[in-house]
Amino acid sequence: MKHFLIRYQFKDGSEEAWHRSVGAFIANIESSPDLKGKLSYRCMRQKGTANYFHVVAANDDANGILQRQGFFKPYTEETKRVSGGTVEVLPLDMIAGTAFAG
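Calculation rules
Residues numbered from 1 in each chain as written. Predicted model: local features only at pLDDT ≥ 70, side-chain atom pairs only at ≥ 80, totals over all residues. Heavy atoms only, no water. Salt bridge = Lys/Arg side-chain N within 4 Å of Asp/Glu carboxyl O. Helix = DSSP H or I, 4+ residues; strand = E, 2+ residues; numbered from the N terminus. Buried < 20%, exposed > 50% of the residue type's maximum accessible area, 1.4 Å probe, protein only. Pairing = 2+ DSSP bridges. Axes fitted to C-alpha atoms, helices over the stretch in contact; angles between N-to-C directions. Contact = heavy atoms within 4.5 Å. Phe/Tyr/Trp six-rings, centres within 6.5 Å; stacked < 30°, edge-to-face > 60°.

## Section: the pattern of salt bridges
Consideration 1: Counted under the stated rule, the structure contains 6 salt bridges.
Consideration 2: Between Arg 45 and Glu 15 there is a salt bridge, with the nearest N and O atoms lying 3.4 Å from each other. Here the residue Arg 45 occupies a position in strand E2 (residues 39-45), and Glu 15 occupies one in helix H1 (residues 15-31), the gap between them amounting to 30 residues.
Consideration 3: Across the pair Glu 78 and Arg 81 runs a salt bridge whose closest N-O atoms are separated by 2.7 Å. A residue pair is termed a helical-turn pair when its members lie 3 or 4 positions apart in one helix, as Glu 78 and Arg 81 do in helix H3 (residues 72-82) at 3 residues.
Consideration 4: Accessibility expressed as a relative area gives 26% for Glu 78, which makes it partly exposed.
Consideration 5: If you follow the salt bridges from partner to partner, you end up with Asp 12, Glu 78 and Arg 81 in one network.

If you want it as structure tokens, here you go:
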């Protein structure tokens, strides 16, 4: 299992439109038979700020499968645009955790 934290500050465009784009991206993940049960993706914003965090947990082969999906590249390009190019993707090492992924 691989874990990532994606972080950036929203800088350009409509936050409402961005939230719809994130929701559509997650819906595409959920509806992909190739990704079913292999990937957890959460998007959060620090309350009262423009700081966004995406938390990803993926089976070893899910990242490659995701990157081959037609919806992946346009979404990552849009993420770079709305962040003004400030996107950081941080690989994480799991130390310990509960079973609930909420």
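This is not the end of the story, as more comes after the structure.
## What to know about the sheet that holds strand E1 (residues 2-9)
Within a beta sheet, neighbouring strands are joined by backbone hydrogen bonds and run either parallel or antiparallel to one another.
Consideration 1: The strand order across the open sheet formed by 4 strands is E2-E3-E1-E4, and the pairing between neighbours is antiparallel. The strands lining the two open edges of the sheet, one partner per strand, are E2 and strand E4 (88-92). Neighbour-to-neighbour, the strand axes of this sheet turn through a mean angle of 15°, independent of strand direction.
Consideration 2: Alignment of E2 against strand E3 (residues 51-58), held across 7 bridges, turns out to be antiparallel. Along E3, the bridge assignment pairs Met 44 with Phe 53.
Consideration 3: On the sheet, H1 packs against E1, E2 and E3 and is oriented at approximately 170° with respect to E2.

## Points about the packing of aromatic side chains
Consideration 1: Counting across every chain of the model gives 8 aromatic pairs.
Consideration 2: Ring centres of Tyr 8 and Trp 18 lie 6.4 Å apart, and the angle between their planes is 75°; this geometry places the pair in the edge-to-face category. Separated by 10 residues along the polypeptide, Tyr 8 in strand E1 and Trp 18 in helix H1 bring together distant segments of the chain.
Consideration 3: For Trp 18, a relative accessible area of 2% translates into the label buried.
Consideration 4: Summarising the aromatic geometry, the rings of Tyr 8 and Tyr 52 are spaced 5.5 Å apart at their centres and angled 5° between planes, so their arrangement reads as stacked. You can see Tyr 8 sitting in strand E1 and its partner Tyr 52 sitting in strand E3, a full 44 residues away along the chain.

## Looking at the side chain of His 3
Consideration 1: By the secondary structure assignment, His 3 is in strand E1.
Consideration 2: For His 3, a relative accessible area of 17% gives the class buried.
Consideration 3: Non-local contacts of His 3, meaning those with residues more than four positions away in its chain, are made with Val 56, Ala 57, Leu 90, Pro 91, Leu 92 and Met 94.

## Here's the deal with the pairing of E1
Consideration 1: Summarising the sheet, E1 and E3 pair through 8 bridges and their orientation is antiparallel. When the sheet's bridge partners are listed, Leu 5 is paired in E3 with Val 55.
Consideration 2: In the sheet, E1 pairs with E4 via 5 bridges, with the strands oriented antiparallel. By the bridge assignment, Leu 5 is partnered in E4 with Leu 90.

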